[in-house]
Amino acid sequence: SHVYRGVWRSGPGTVVRVPIGGGQDETIASDFAQGLTIDDGAVYWGSAGAIKRYDKQSATITLLASGSYVPLGSLEYGGLWSTASDLYWVENDSMGIAKLPKTAAETDTPATVPVTDAHELAVSGPEVFFVGNSIIGKVDAGGSVQTLVSMLSQARHMAVNSSTIYWVDDEGLHSRSKVGGTAR
């Protein structure tokens, strides 16, 4: 029914929604929101060392996580991503990938998947993919890391669809099937 976005202007930012058919912005939170991700029931975002949830039905905001595992600044490295049940982001200082249930309470601590220098994430269904130091990898549901492509030249920016992983490095745009094969 609505499109959600973060608005950054001089001073504090806001999270707004606009009816899909058009209309005026409606502020749902006064917050410097980055890494917005949305599902049927909620809007999630990162802001100054915290992960927050806006419940679309009750119009309430809940703090889901804060602390050293949440980036103090923006979620520009990797963003905030969601599967049907969990949220994922690159931890502060790229020490791993954080995983937190969408139903978490503020006192819950995110699980950490140790991935050195992860700096970009992408999600396709329940699968979580990442760009690491010189690899493209996948985190399975149990938290194990699988290297899919190695020896990359400064890989960055990735996207995933139902069948293919795409990424950009110093040599151009590349792709590979999610189930294996040679990178193109």
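Up top you'll find the structure we're talking about.
As a convention, each chain's residues are numbered from 1 in the sequence order in which they are written. pLDDT decides what is reported in this predicted model: residues at 70 or higher carry local features, side-chain atom pairs at 80 or more are listed and counted, and totals for whole chains, interfaces and linings draw on all residues regardless. Based on all heavy atoms of the structure, the side-chain values leave hydrogens and waters out of the count.

**Some words on unusual backbone geometry**
Despite not being glycine, Ala59 has its phi angle at roughly 60°, a positive value. Secondary-structure assignment places Ala59 in the loop between β6 (50-55) and β7 (61-66). Each residue is placed in one exposure class: buried if its accessible area under a 1.4 Å probe, protein chains only, is under 20% of its type's maximum, exposed if it is over 50%, and partly exposed if it falls in between. The class of Ala59 is partly exposed, set by a relative accessible area of 48%. Note on conventions: DSSP H or I runs of at least 4 residues are helices, E runs of at least 2 residues are strands, and numbering of each starts at the N terminus.

**What to know about the nonpolar core**
In plain words, nonpolar cores are sets of buried Ala, Val, Leu, Ile, Met, Phe, Trp, Tyr and Cys residues tied together by side-chain atoms within 4.5 Å. Of all hydrophobic cores here, the largest spans 12 residues; its members are Ala122, Phe129, Val131, Ile136, Leu148, Val149, Leu152, Ala155, Met158, Val160, Ile165 and Trp167. At the level of elements, β13 (127-131), β15 (145-149), β16 (156-160) and β17 (164-169) are the ones that each hand at least two residues to this core. With sequence-adjacent residues up to four places away left out, Val149 is seen in contact with Ser134, Ile135, Ile136, Trp167 and Arg176. Here a residue-residue contact requires only that any non-hydrogen atoms of the pair lie within 4.5 Å.

**Examining the pairing of β16**
Two strands are counted as paired when DSSP detects at least two bridges linking them. Direction of pairing for β16 relative to β17: antiparallel, over a ladder of four bridges. Its bridge partner being in β17, Arg156 is matched across the sheet by Val168. Hairpin connection, β16 to β17: the antiparallel pair is bridged by three residues.

**Section: the pattern of salt bridges**
Salt bridges are defined by distance alone: a side-chain nitrogen of Lys or Arg within 4 Å of a carboxyl oxygen of Asp or Glu. Counted according to the given criterion, the structure contains seven salt bridges. The shortest N-O distance in the salt bridge between Lys102 and Asp39 comes to 2.8 Å. Of this pair, Lys102 sits in the loop between β10 (97-101) and β11 (111-113) while Asp39 is found in the loop between β4 (34-38) and β5 (42-46), placing the two residues 63 residues apart along the sequence. Here Glu127 and Lys178 are joined by a salt bridge, their closest N and O atoms 2.6 Å apart. With Glu127 in strand β13 and Lys178 in the segment after β18 (172-177), this residue pair connects regions lying 51 residues apart in the sequence. Its relative accessible area of 21% is what places Glu127 among the partly exposed residues. Sharing partners across several salt bridges, the network here consists of Glu127, Lys138 and Lys178.

**Considerations on the sheet that holds strand β14 (residues 136-139)**
Strands sit in the order β12-β13-β14-β15 across an open sheet of four strands; the sheet is antiparallel. Of all strands in the sheet, those bounded by a partner on one side alone are β12 (120-124) and β15. Averaged over all neighbouring strand pairs, the angle between strand axes comes to 30°, with direction disregarded. Where β12 lies against β13, five bridges are found, and the strand directions are antiparallel. Paired with Val123 across the bridge in β13 is Val128. Here an angle of 0 to 180 degrees is reported between the N-to-C directions of two axes, which are lines fitted to C-alpha atoms, with helices fitted over the stretch in contact.

Keep in mind that these numbers describe shape and distance, not what the molecule does.
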